Amino acid sequence: VGAEALVRWNHPEYGFLPPGRFIPVFEQNGMIAEVDRCIWRKSCEILARWKEEGKDLFISVNISPRDFYLLDVIAEMNQLVKEFDIDPAKLRLEITETMMMGDTDAHLDILRKLQDAGFCIEMDDFGSGYSSLNLLREMPVDVLKIDMVFLRQAGRDARARTIVDEVITID
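The shown structure was predicted, so the numbers you read here are calculated from the model rather than taken from an experiment.

For the rest of this paragraph, the subject is the pattern of salt bridges. Any two side chains of opposite charge can pair, given that their charged atoms come close. One pass over the full model with this rule turns up twelve salt bridges. Residue Lys 145 is joined to Glu 94 by a salt bridge in which the shortest nitrogen-to-oxygen separation is 2.7 Å. Here the residue Lys 145 occupies a position in strand 7 (residues 143-146), and Glu 94 occupies one in strand 5 (residues 91-96), the gap between them amounting to 51 residues. According to the relative accessible area criterion, Lys 145 is partly exposed, its value standing at 23%. Here Glu 94 falls in the buried class, since its relative accessible area comes to 1%. Overlapping salt bridges, with partners in common, bring together Glu 4, Glu 94 and Lys 145 in one network.

This is the structure:
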């Protein structure tokens, strides 16, 4: 049904580096916006090719919390779907709950505008931070992706399993 765009780095000196080793550095120095823009563009190229091939698939892309400060995310996304002539719903925008720390109202406004423009908003790693049902009620989120660590705990812990079951039934 779809894919998720993930970035990895095969460094010439250090070999394979997982995102946890380099993404925080890019976020700190502001380079994350350029990395994300590159991933968004490549994902749109792939979506356009899939569309030509008659494949009805989506790609989920990450939006860093820093992107909201460094870029006009709404303009960037709208320009990309227009340039590549793709349905905005096929470019799913993935955020984390920690992104909502800080300028919550400003971020909510941007997310609502993106959702109104037809983009699907996904919350990744739900349950890994300080999940608030009140914040979840306010957020324009179409898809919750439950954190894998929490899902593993649900296999061994009845209380965690109950919470996962309840989150799944949220409408």
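Enumeration according to the criterion identifies three aromatic pairs in this entry. Between the aromatic rings of Trp 9 and Phe 26, the centroid separation amounts to 6.1 Å while the plane-to-plane angle is 25°, which identifies the pairing as stacked. On the criterion of sequence distance, the pair formed by Trp 9 in strand 2 (residues 9-11) and Phe 26 in helix 1 (residues 19-29) is long-range, its members being 17 residues apart. Aromatic rings pair up to connect Trp 9, Phe 22 and Phe 26 into one cluster. It is Arg 92 that lies over the ring of Phe 58; its NZ or CZ is 3.7 Å from the centre.

Their axes nearest at 10 Å, the elements helix 2 (residues 32-52) and helix 4 (residues 73-84) cross at an angle of 30°. Between helix 2 and helix 4, the interaxial angle falls into the category roughly parallel. Helix-helix and strand crossings are classified by hand; for helix 2 and helix 4 the assignment is right-handed. Here Arg 37, Trp 40, Arg 41, Cys 44, Glu 45 and Ala 48 of helix 2 come into contact with helix 4, specifically with Glu 76, Met 77, Gln 79, Leu 80, Glu 83 and Phe 84. Residues belonging to the contact of helix 2 with helix 4 are distributed by class as follows: six nonpolar, one polar and five charged.

Attention now moves to the sheet that holds strand 6 (residues 121-126). Strand order in the open sheet formed by five strands is 1-4-5-6-7, with parallel pairing between adjacent strands. Each of the sheet's edge strands pairs with one partner strand only, and the pair in question is strand 1 (2-4) and strand 7. Pairwise comparison of adjacent strand axes, ignoring direction, gives a mean angle of 25° for this sheet. As paired strands, strand 6 and strand 7 are joined by three bridges and run parallel to one another.

Counted residue by residue, strand 6 has five buried out of six residues, so it is predominantly covered. In the sheet, strand 5 pairs with strand 6 via four bridges, with the strands oriented parallel. Across the sheet, residue Ile 95 finds its bridge partner in strand 6, namely Met 123.

The end-to-end C-alpha distance of helix 4, which contains twelve residues, comes to 17 Å, matching closely the 16 Å that a straight helix rising 1.5 Å per residue would cover. When we look at burial in helix 4, the residues that qualify are Val 73, Glu 76, Met 77, Leu 80, Val 81 and Phe 84. One side of helix 4 holds all its buried residues, which, seen down the axis, span an arc of 120°. Looking at the packing, one finds that the buried side of helix 4 touches helix 2, helix 3 (67-70), strand 5 and helix 5 (104-116).

Cut-off values and rules
- Residues numbered from 1 in each chain as written.
- Predicted model: local features only at pLDDT ≥ 70, side-chain atom pairs only at ≥ 80, totals over all residues.
- Heavy atoms only, no water.
- Salt bridge = Lys/Arg side-chain N within 4 Å of Asp/Glu carboxyl O.
- Helix = DSSP H or I, 4+ residues; strand = E, 2+ residues; numbered from the N terminus.
- Buried < 20%, exposed > 50% of the residue type's maximum accessible area, 1.4 Å probe, protein only.
- Phe/Tyr/Trp six-rings, centres within 6.5 Å; stacked < 30°, edge-to-face > 60°.
- Lys NZ or Arg CZ within 6 Å of the ring centre and 35° of its normal.
- Axes fitted to C-alpha atoms, helices over the stretch in contact; angles between N-to-C directions.
- Parallel < 35°, antiparallel > 145°, perpendicular 65-115°, else oblique.
- Left-handed = near helix turned anticlockwise from the far one by under 90°.
- Contact = heavy atoms within 4.5 Å.
- Nonpolar A, V, L, I, M, F, W, Y, C, P; charged D, E, K, R; others polar.
- Pairing = 2+ DSSP bridges.
- Expected span 1.5 Å × (residues − 1).
- Arc of directions from axis to C-beta.

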